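This is what each chain is made of:
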Amino acid sequence: SQMTSPLTGPVEADTVLHLARQKERLGNAVFSSGYISRNPNGDFKAHHYDMNLVYIDALLRHLQWTGDTAYAREAWPLIQRHLDWEKRNFDMDGDGLYDSYAAIWASDALQYSGGGVTHSSAYNYWANLMAAKIAHILHQDGKSYEQEAKKILKAVNEQLWLSKKGWYAEYRDLLGNQLLHEAAALWTIYHSMDSELPDPFQAYQTIKYIDAQIPHIPVRANNLEEGLFTISTSNWMPYIWSLNVVAMAETMHTALAQWQTGDQEQAFLLWKSALIESMYLGNSPGNLVQVSFYDAIRGETYRDFADPVAMTARSLVEGLYGINPKALDHQLLIKPGFPKQWNQASIALPDIDFSFTRKAQTDLYQIQNKFVAKMDLLLKLPVQASEIEKVLVNGKPGVWAIDANAVGRPSIDIKAPYAKSYSILIEWKKASQLPVFAAQKTATANAWSLTVSNATIMSVNDPQSVLTNSRHDAKSIHGTIASSPGMHSLFLQLKTGKMQWWQPIDLNVAEPISIKAIDQEQRNQIAYQITNNSLDAVDAQLMVNGKPSPLQIPSQSTTETKLIQTGALVPGSNQLVLHWKGRTVKQNLLNWNIDQPLKGKLEPLDLSPYLKNKVNQIFRVQYLSPRPTVPTLQLPTQGIGEWTYPLRTANISDSGFRKSLEATGSIVLPQGIVFKSPSDSLKNNILFTSKWDNYPNKTKVPLQGSAAHAYLLMAGSTNPMQSRMLNGIVRIYYTDGTADSLELKNPENWWPIDQDYLEDGYAFQTNAPKPIRIHLKTGKVVSVYDNSMQAFNGKPINGGAATVLDLPLNNAKQLQSLELETIANDVVIGIMAITLLRSEE
C-alpha cells in the first residue's frame, strides 16, 4: 500500500478546510511516491494521518529483533521511497529539521506550520542511521543516509537543543521571528530517547525536564501507598484534545525513556503508578486504559486500547527487563532496569527467557536464548559496589569491563559470544560503597563548592555553563553560580576503586532575592515574603508602590510575612522594588480583589483616532498570509480552531459591552477603574496587531503627562501551540527613552478571547491570578473566579471576553507613547482602552 507514483506533486492546501491541512487528493505532494496508505492491499486512499514514520520505525525495530535480512532486502525499496518522501515533503528547505504532519499519537491539533520539530527530526535521524546500516548489509550505497543522519543531528543540536537549560525545544517556527517553542511535550522527550538522538549527557538532562516542567498528578486511594503519580503529556493551555491529556501509552513511553536513560527508580515508580491507576483502580479490572481517570476533561476512556497495550508491553520488555536485541549488529543487548530493592525477577517470552536472583552480594542472571538470529551477548549492569570479586559466565571467568562513559551511576559491560543459554554470576565486594549525592540548593551569583568523599574527581563537564571561575582538584570543585534560576546539572567524572563514571550533580538555582505573594486574591490584602538566597546579608531599600522603607535580610533567610498597607493598595499590580548594592529586583504582586478607593485621578483616554478594527470581527476575517508554502498542518484561515476541526470558530459579540457604554460612553469596574469605548456598533473599538498581514506587527499610541499606573482593556487570540511563551508585549515609553513593559504570556496573563483557561491545579495551571474579564455579549464584569461556568472542552465564553491588564509606571517621568507588539505567530493582540492613574496634584 505504498505509492510509487507520481514521483512528486504540487503543494495544495485544502481551501474547503480553510487551508488547515493538505487537500486529500492522490497526486499531491503528500500523496505521492513514498506515501503509505492506511488501506491494505494496494487500496490507495489519501488520509489526513501520516503514519509513515510510525510504520517505518516499527519495521526497523522488527528487523533489529529478528535479523531477517531477506525481508530487509524485500523492504529496502519501501524504506528508500519513505525516506525520500519524508525529505521531499517535510524538509523542503534542506536545513535538516523536519516538520511533523500528524505523525504521532498526539497528532490531533498539533500544527507546526512548517516548523522544525524535534520528535519528527528524531524519527528521521534514527531511520536514516538504520537505512545506512541496512544498505551496508545489502551491499548498497548508504552514504547519503549516513550524511543525512549527521545533518539532522547537527541541526537539532544547533537549533533545537537548549544548551543553557538542558532539553530540546518542541519546535522552531518557519516564519515570523522563527521563535523557539521551549515548552516541550512528553513526545519530544521520549521520541528523542527512543531514536537515540541525545548523547548520554543530553539524555540525562532531558529526562530531568520531566521532573521540573511536566505536571505531576498524585495517584491516591484508600490504603494505597504514598508517592504514586501520573503525568500529563504537556503543560500547554488552553485545552484542546489531544495536546494536554493524561494518556497511559504516553506515560508508559515516558517510563521507557527513563529506563533508556538509566533512571530506573523513577521509571519503575511511574510505570507501577500507571498500572495501579488503570488496572486496579480503574472502572474495568485489568484494563489498559487509553485516557486516565485523572484526565481533567475526558476522564477514563476506552477499554484495552491498542496504544497502551503496545507501550505497556514494550516498556515491560525493553525497559524493566531491558531486552533490546540488535540483530543487524549481531548483538543481544540486555540492560535490566530493576529497582534497587528487587532481589528476583523473571520473564518468559517467545524469543527469550530471562531471570535475575540476588542473594547477599551475589547476583545471578540466567538466559535461555531462543532468538532465530545468532547474536553475541552484551549485558549492561548498574554497579552495586565499587569492587567486584568475580564474574563467571557459564561457570568460567567472564569478560567484563567498566563503562567509563556511563552517566548517572557506574556500569559494567559483560560480553559473551553467542550461546543458547547463559548463567552469569557476579559477586560484589561487600565493604566498598559508592558515593551518594543529594540535589544542591543555591542561587545565581553564589559561591559554590562540593567535596567528594570516597571517590576521586578526574574531570568536570559543565554543558549548561552552571559555573564560572570553576576549578577542581581530586576531592572538591569550586566556582560561582552563573546559570539562571531553575534546575541545572553538571557532571563530575569520578573514580573509586576500579569504577569510573560521570556523576550528575543536580542544582536547584534560585534568584539571589525572591519576592513571593502569600495567599493571593485575598480581598483587600496582599501578603508577601522576601527571601535572601544569597550568601551575604542584604541591607536594602524596599519601595512598595513607590513608598520607600529600609529592609535588612540575613543571608539565606526569609522575612516574616508582610502586608502592604491598606491605604497603599491598588487593584491589579502592586509593585515591589528592592535596591541593594547597585542591584535591583522588581516584582509585581497581582490582586484584582481590591475595592479600596484609588488615590489619584483616573483619566480614560480617547483612543477613537487609533482604533482601526471591531473586536467582533476577529474571527470573521481571513488570515491568508504569511503562510508556509510547504505541506503542513496549520491554523485555519478564520484564526481559530485546529486542523482536525478546521471549520470551528467562536462567535464574538460585543453587543452587551457596547450597550453598557450607551449612557456615559464609559464602563466602571467594581474596583473603580473606568474605561472609555465607543458604544456605536458602527464604530471601531479595538486596535489589533499580529504577525498576520491583516494588521501591523506593532503600533503606537501617543501619551503625555505623567502617571503612576496604566490600566489596559485588551482582547485577542492565543492557542496551545503558543503556550508557555511570550505572545506579545506592551511598552510604555518615557520622553527620556526608557520604558516599562508588560509581557503578554500564555497562560499567565494573555487569555484567549473565546474562553477562560481551565485550571485544575495539576495539568492546567496558569501560575498567576486570574485577571478581570469583561464578557462582551452581556457586559458582565468577572473580577474573581466565576464558578458558574462549567468546563466542557475548556471554558468557552458565549460571545467572548476582553481582559483587564495593568502596568505600574514611574510617576516622576514624562510619558511619550504606548507601543503594542505581537511577537508570536498565529495570535492576534488588540487594545480596546487605556486609562491612566495620574497624580491629583
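Bear in mind the structure is a predicted one, so any value in this text is a computation, not a measurement. Every chain begins its residue count from 1, and numbering advances along the sequence as written. Given that this is a predicted model, residues contribute local features only at a pLDDT of at least 70 and side-chain atom pairs are listed and counted only at 80 or more, while totals for whole chains, interfaces and linings are drawn from all residues. Computation of side-chain values covers all heavy atoms of the structure but excludes hydrogens and water.

Caption draft 1: Region of interest: the overall build of the chain. Secondary structure summary: the chain contains 10 helices and 48 strands in total. Here the C-alpha atoms of the chain give a radius of gyration of 30 Å, agreeing with the 28 Å that 2.2 N^0.38 yields for 841 residues. Buried means the residue's accessible area, taken with a 1.4 Å probe over protein chains only, is under 20% of the maximum for its type, while exposed means over 50%, and partly exposed covers the values in between. Split into buried and exposed, the 841 residues of the chain put 57% on the buried side. The criterion used for residue contact is that any of the two residues' heavy atoms lie within 4.5 Å. Long-range pairs, those at least 24 residues apart, make up 66% of the contacts in the chain with a sequence separation of at least 6. Here the chain holds 75 positive side-chain charges and 79 negative ones, and the gap between their average locations is 2 Å. Counting from the N terminus, the helices are the DSSP runs of H or I reaching at least four residues and the strands are the DSSP runs of E reaching at least two. Computation of the radius of gyration draws on C-alpha atoms, with the globule rule given as 2.2 Å multiplied by the number of residues to the power 0.38. When charges are counted, Lys and Arg are positive and Asp and Glu negative, with His and the chain ends excluded. Each charge is placed at NZ for Lys, CZ for Arg, CG for Asp and CD for Glu.

Caption draft 2: Region of the structure containing helix 5 (residues 186-194). The element helix 5 is largely enclosed, with a buried count of 9 among its 9 residues. Taken from the residues just after helix 5, Glu196 is the one with a positive phi, measuring 55°.

Caption draft 3: Representation of the environment of Ala296 within the structure. Among the secondary structure elements, Ala296 is positioned in the loop between helix 8 (264-280) and helix 9 (306-320). Once you skip the residues sitting within four places of it in the chain, Ala296 turns out to touch Leu758, Asp760 and Phe764.

Caption draft 4: The arrangement of the pairing of strand 23 (residues 476-481) in detail. Bridging between strand 20 (residues 447-451) and strand 23 involves 5 bridges; their strand directions are antiparallel. By the bridge assignment for strand 23, Leu450 is matched with Ile477. Think of it this way: DSSP has to see at least two bridges between two strands before they count as a pair. Examined bridge by bridge, strand 22 (residues 467-472) and strand 23 share 4 bridges and lie antiparallel to one another. The partner of His472 across the bridge, within strand 23, is Ile477. Linking strand 22 back to strand 23 in an antiparallel pair, the connection comprises 3 residues.

Caption draft 5: Quick peek at unusual backbone geometry. In this structure, the amide linkage connecting Met237 to the following residue, Pro238, adopts the cis form with an omega of -5°. You can see Pro238 is positioned in the loop between strand 7 (229-231) and helix 7 (248-261). For the bond from Asn746 to Pro747, the omega torsion is 5°, close enough to zero to count as cis. With respect to the element layout, Pro747 can be found in the loop between strand 41 (739-746) and strand 42 (755-756). A positive phi angle, near 50°, is found at Lys581, a position not held by glycine. Mapped onto the elements, Lys581 comes out in the loop between strand 32 (572-580) and strand 33 (583-591).

Caption draft 6: Quick peek at the sheet that holds strand 33. The 4 strands are arranged 29-28-32-33 in an open sheet whose pairing can be described as antiparallel. The sheet is open, and its two edges are formed by strand 29 (547-553) and strand 33, each paired on a single side. The mean inter-strand angle of the sheet, taken between neighbouring strand axes irrespective of direction, is 25°. Pairing geometry for strand 32 and strand 33, over 9 bridges, is antiparallel. To define axes, lines are fitted to C-alpha atoms, for helices over the stretch in contact only, and angles between the resulting N-to-C directions are given on a 0 to 180 degree scale.

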